[in-house]
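In case you want the letters, here they are:
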Amino acid sequence: MRRKPEILAPAGDMEKLQMAVLYGADAVYLAGTSFGMRSFAGNFTPEELPKAVKFAHDHGVRVHVTVNTMPRNDEVARLPEHLERLNDAGVDALILADLGAFTLAGKYAPKCERHISTQQSIANYECARAWYDLGAKRVVLAREVSLQEIREMRAKIPEELEVETFCHGAMCVSYSGRCLLSNYMTGRDSNRGQCAQPCRYQYALMEEKRPGEDEKGTYIMNSRDMCMIDHLDDIMDAGIDCIKIEGRAKSAYYAAIVTGAYRHVLDDVAAGREVDPVWRDEVEHVSHRHYSTGFFYGQPGQYYDNSRYIRDWQVCAVVTDCDADGNATLSLRNKFAAGDEIELVGPDSRPFTMTAPVMHDLEGFELYEPRTPQTVFKMKLPRYVPPMSFVRHAVSLSAKD
């Protein structure tokens, strides 16, 4: 059954949550300060969580909270209190991986839907049905399943069981993220939210007779990033209920731009309109590795080219306020100067190019090149742009060999 999926965006901290919400997410996923798989994202304290939920709900956006680590004895003893806190805060859904945590969530967070994390590696309809029988509302499928497998699963699972898949972001070289490399090399356990991403390190490992290796060594950990923005029609045909953007540890700019791109392209596809290429191009404006379609169309194969990050754009400033005549107040992120060619893009606001004019500080003095991050300054824009719009410019920050 064809359906328009929910867009689930990452919210690593309050700023990222606000960006994801304002740029078009239907739901956001985040974590408290424990039991989440991204312990190095900003995350939300018990005091911040109700504020985050209120902001999202005020904008009609659902909040999903990750409780998807594999806790040890001393950790699981603290789970009931944490689950009750999430329940009381008005969280809409919990993303769970551990069966014990799943059972406790049913008891201590009865108002929250229970979604099964991709950490459970759900790759067949029998597994999905088993979780449904236990009380799951949604399953987040393993990244390794194809669209054809998803169509088959959708046909054989209860209609009420929702299916979620990742559509964009980093791919892990290990099966559904079950990796021991980080723990072995750094003492940081990826299965408890502390992955140091050693698969991104440069190695000189080589197996003597293995084909596909050269003087640079093995390419076995040379993972690309997933990008399905060109294939949302196929996503809808597969009966997927929710598409998930990876990246709670990434920047607020990433959360905004990628969410906005998928929002506009999905709306065009669902309405049968021709996709506006300006929105498709937005995913090229964030830091990323070479894109692929993951496993959706079968085995992606080994990638033998450079797998370092592509960084061709840099955020200069964020608009905090703007009147109808384009008189804007901004907060500096990276230095730029009057005369530079810059782009502006904002919530539901098409990107446009302009030449940076002479700016002014808050006392009204001319400012040709603001330099100190977080400096607040004034700039005249050709028209109104909404708050949380970005000023950016093209600059090559990609790593060199």
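Anything mentioned here points back to the structure above.
Described below are features of the structure shown in this document. Since this is a predicted model, take the numbers as computed values, not measurements. (Residues numbered from 1 in each chain as written. Predicted model: local features only at pLDDT ≥ 70, side-chain atom pairs only at ≥ 80, totals over all residues. Heavy atoms only, no water.)

1. Observations regarding the pattern of salt bridges
Okay, so step 1: Enumeration according to the criterion identifies 26 salt bridges in this entry.
Okay, so step 2: Note that Arg289 and Asp225 form a salt bridge whose closest N and O atoms lie 3.2 Å from each other. Of this pair, Arg289 sits in the loop between α11 (277-280) and β10 (291-292) while Asp225 sits in strand β8 (residues 225-227), and the two are 64 residues apart along the sequence. The two residues Arg289 and Asp225 agree in class, both being buried.
Okay, so step 3: We note a salt bridge from Arg392 to Glu343, for which the minimum N-O separation is 2.8 Å. Separated by 49 residues along the polypeptide, Arg392 in strand β18 (residues 390-394) and Glu343 in strand β13 (residues 341-346) bring together distant segments of the chain.
Okay, so step 4: Among the ionic contacts, a cluster of salt bridges with common partners joins Glu6, Arg62, Glu113, Lys137, Arg138, Glu162, Glu164 and Lys244. (Salt bridge = Lys/Arg side-chain N within 4 Å of Asp/Glu carboxyl O. Helix = DSSP H or I, 4+ residues; strand = E, 2+ residues; numbered from the N terminus. Buried < 20%, exposed > 50% of the residue type's maximum accessible area, 1.4 Å probe, protein only.)

2. Some words on the pairing of strand β4 (residues 93-96)
Okay, so step 1: Burial along β4 is two-sided: the residues Ala93 and Ile95 and Leu94 and Leu96 are all buried.
Okay, so step 2: Pairing of β4 with strand β5 (residues 113-116), which is carried by 4 bridges, proceeds in the parallel orientation. Across the sheet, Leu96 pairs through a bridge with Ile116, a residue of β5.
Okay, so step 3: After leaving β4, the chain enters helix α5 (residues 99-108) and then returns to the sheet as β5, a path that is right-handed. (Pairing = 2+ DSSP bridges. Right-handed = clockwise from strand over helix to strand, strands pointing away.)

3. Let's talk about unusual backbone geometry
Okay, so step 1: The phi torsion at Ser121 lies on the positive side, around 55 degrees, for a residue other than glycine.
Okay, so step 2: Locating Ser121 in the fold gives a position in the loop between β5 and α6 (125-134).
Okay, so step 3: Overall, Ser121 belongs to the buried group, its relative accessible area being 13%.
Okay, so step 4: The backbone of Gln374 shows a phi angle near 80 degrees, a positive value even though the residue is not glycine.
Okay, so step 5: Its place among the elements puts Gln374 in the loop between β16 (366-367) and β17 (376-380).

4. Quick word on the nonpolar core
Okay, so step 1: Counting 84 residues, the largest nonpolar core has Val28, Leu94, Tyr262 and Phe390 as the members making the most contacts within it.
Okay, so step 2: For this core, the element with the most residues is helix α10 (residues 252-270), which contributes 11 residues.
Okay, so step 3: Those residues in contact with Tyr262 that lie beyond four places of it in its chain are Ile7, Cys167, His168, Cys227, Met228, Ile229, Leu232, Ile243, Ile245 and Val283.
Okay, so step 4: Cys316, Ile342, Met379 and Leu381 belong to the second largest nonpolar core, which has 20 residues in total. (Core = buried A, V, L, I, M, F, W, Y, C linked by side-chain atoms within 4.5 Å. Contact = heavy atoms within 4.5 Å.)

5. Structural notes on α5
In an α-helix, one full turn covers 3.6 residues, which means residues spaced three or four apart are oriented alike.
Okay, so step 1: Considered for burial, the residues of α5 that qualify are Ala101, Phe102 and Ala105. Seen along its axis, α5 keeps its buried residues to an arc of 105 degrees; they face one direction.
Okay, so step 2: In this structure, the buried side of α5 is in contact with α4 (79-88), β4, β5 and α6.
Okay, so step 3: The opening residue of α5 is Asp98, an N-cap whose side-chain oxygen sits 2.9 Å from the backbone nitrogen of Gly100. (Arc of directions from axis to C-beta. Polar contact = N/O pair within 3.5 Å; in protein donor to acceptor, adjacent residues only side chain to side chain.)

6. Section: the side chain of Ser389
Okay, so step 1: Residue placement: Ser389 occurs in the loop between β17 and β18.
Okay, so step 2: Of note is the side chain of Ser389, whose polar atom sits 2.6 Å from the backbone oxygen of Pro386.
Okay, so step 3: Leave out the neighbours within four places in its chain, and Ser389 touches Tyr23, Ala317, Val318, Val319, Val345, Gly346 and Pro347.

7. Comments concerning empty space enclosed by the protein
Okay, so step 1: Under the defined criterion, the tally for this structure stands at 1 cavity of 30 Å³ or more.
Okay, so step 2: A volume near 50 Å³ is recorded for the largest cavity.
Okay, so step 3: Looking at the largest cavity, the residues that line it are Leu141, Ala142, Arg143, Val145, Ile150, Thr165, Phe166, Met226 and Phe296.
Okay, so step 4: The residue makeup of the lining of the largest cavity, split by class, is 7 nonpolar, 1 polar and 1 charged. (1 Å grid on protein atoms, 1.4 Å probe; cavity = no way out; pocket = protein on both sides within 12 Å on 5 of 7 lines; lining within 4 Å. Points joined across faces, edges and corners; volume = space filled by probe spheres on them. Nonpolar A, V, L, I, M, F, W, Y, C, P; charged D, E, K, R; others polar.)

8. Description of the packing of α4 against α5
Okay, so step 1: Where α4 contacts α5, the two axes come as close as 9 Å, and the packing angle between them is 50 degrees. Here α4 lies oblique to α5, going by the angle between them. Once α4 is placed against α5, the crossing between them reads as right-handed. Between α4 and α5, the residues in contact are Leu79, Pro80, Leu83, Glu84 and Asn87 and Ala101, Leu104, Ala105 and Tyr108, respectively. (Axes fitted to C-alpha atoms, helices over the stretch in contact; angles between N-to-C directions. Parallel < 35°, antiparallel > 145°, perpendicular 65-115°, else oblique. Left-handed = near helix turned anticlockwise from the far one by under 90°.)

9. Structural notes on the side chain of His168
Okay, so step 1: Tracing the backbone shows His168 in strand β7 (residues 162-170).
Okay, so step 2: Side chain to side chain, His168 and Tyr262 meet in a polar contact 2.9 Å long.
Okay, so step 3: Discounting chain neighbours no more than four positions away, the residues touching His168 are Met226, Cys227, Lys244, Ile245, Glu246, Tyr254, Val258, Tyr262, Val283 and Tyr291.

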